[in-house]
Amino acid sequence: MKKTAKKIVVSGLLVSSLMVGATVGASSEKAELMKGNAVKFFGSAASSISSSVAIPHNYNTLYFSGTVPSVVDRNGATIYERYGDTETQAISILEKFKADLEGKGLSMSDITYLRVYVVPDPALDGKIDYDGWFRAYAKYFNTDENSVKTARSTVGVEGLVHSDWLIEIEAEVAYKGGK
């Protein structure tokens, strides 16, 4: 056999071995996920959010549409008097989720994913107040009361439907069948 042909055969065997190893690894990860009978959160212990969430087939899901903040003072002269800053608005939204979930016999620990839209804050020279959102999140997740670290996306957008809103949040919830 020529030297070039041997290299091709050896390369092909190496690639095939790697593919089999990857497939076996992926299969064992999938088997591990399928064994579970509870929601599983994955990711770094150092992170405040999960990188992914596995929801077993025997769970129900609930989706919250984009939820916006409550009015603090309708007669306020500024955004901040009417609705508050980003952190205040986020807390308002998370409190809405909490109340709605409790009314359904669920809790904030049933939230698995958050999709968050934030807009530039005029009081911060048009910069997005990510830190305000992160502080609000930290009051409800990865705490002593609620150890859940949701998977999450935070997206900066140009604007929301109402010019006073600095944040809008969607939530995905997973819960066991009987709740």
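Above this text is the structure in question.
Now for a look at the structure at hand. Just so it is clear, the structure is predicted and the values come from calculations on it, not from any experiment. (Residues numbered from 1 in each chain as written. Predicted model: local features only at pLDDT ≥ 70, side-chain atom pairs only at ≥ 80, totals over all residues. Heavy atoms only, no water.)

1. Regarding the overall build of the protein chain
Consideration 1: Check the secondary structure of the protein chain and you find four helices and eight strands.
Consideration 2: Listing every helix and strand of the protein chain by position from the N terminus yields α-β-β-β-α-α-β-β-β-α-β-β.
Consideration 3: Relative to its 179 residues, the protein chain shows a buried fraction of 34%.
Consideration 4: Residue pairs at least 24 apart in sequence account for 72% of intrachain contacts in the protein chain once pairs closer than 6 positions are excluded.
Consideration 5: Taken as a whole, the protein chain presents about 10700 Å² of accessible surface, with 56% of it coming from carbon and sulfur. (Helix = DSSP H or I, 4+ residues; strand = E, 2+ residues; numbered from the N terminus. Buried < 20%, exposed > 50% of the residue type's maximum accessible area, 1.4 Å probe, protein only. Contact = heavy atoms within 4.5 Å. Areas by Shrake-Rupley, 256 points an atom, 1.4 Å probe, with all protein chains shown as cover.)

2. A few points about the sheet that holds strand S8 (residues 167-176)
Strands pair in a sheet through their backbones, by hydrogen bonds, and they do so in one of two ways: parallel or antiparallel.
Consideration 1: Reading across from one edge, S3-S8-S4-S7 is the order of the four strands in this open sheet, with mixed pairing throughout. Strands with a single pairing partner mark the edges of an open sheet, and in this sheet they are strand S3 (59-67) and strand S7 (151-156). Each strand axis lies, on average, 10° off the axis of its neighbour in the sheet, ignoring direction.
Consideration 2: For S3 and S8, the ladder comprises seven bridges, and the chain directions are antiparallel. Across the sheet, Tyr-63 pairs through a bridge with Glu-172, a residue of S8. (Pairing = 2+ DSSP bridges. Axes fitted to C-alpha atoms, helices over the stretch in contact; angles between N-to-C directions.)

3. Focus: helix H4 (residues 130-138)
Consideration 1: The complete set of buried residues in H4 reads Gly-132, Trp-133, Ala-136 and Tyr-137. Buried residues in H4, looked at end-on, bunch into an arc of 135°, giving them a common side.
Consideration 2: For H4, the elements touching its buried residues are helix H3 (86-103), strand S4 (111-118), S7 and S8. (Arc of directions from axis to C-beta.)

4. Re the environment of Val-68
Consideration 1: In this structure, Val-68 sits in the loop between S3 and helix H2 (79-82).
Consideration 2: Sequence spacing of Val-68 and Gln-89 is 21 residues, and the spatial spacing of their C-alpha atoms is 7.8 Å.
Consideration 3: In contact with Val-68, other than residues within four places in its own chain, are Ile-93, Lys-96, Trp-165, Ile-167 and Glu-168.

5. Some points on the pattern of salt bridges
Consideration 1: Considering all chains together, one arrives at six salt bridges under this definition.
Consideration 2: Of the charged contacts, one joins Asp-164 and Arg-82 as a salt bridge, the two residues approaching to 2.5 Å between their closest N and O atoms. With Asp-164 in the loop between S7 and S8 and Arg-82 in helix H2, this residue pair connects regions lying 82 residues apart in the sequence. Like Arg-82, Asp-164 is buried.
Consideration 3: Note that Glu-172 is salt-bridged to Arg-115, the shortest N-O span being 3.8 Å. Here the residue Glu-172 occupies a position in strand S8, and Arg-115 occupies one in strand S4, the gap between them amounting to 57 residues. (Salt bridge = Lys/Arg side-chain N within 4 Å of Asp/Glu carboxyl O.)

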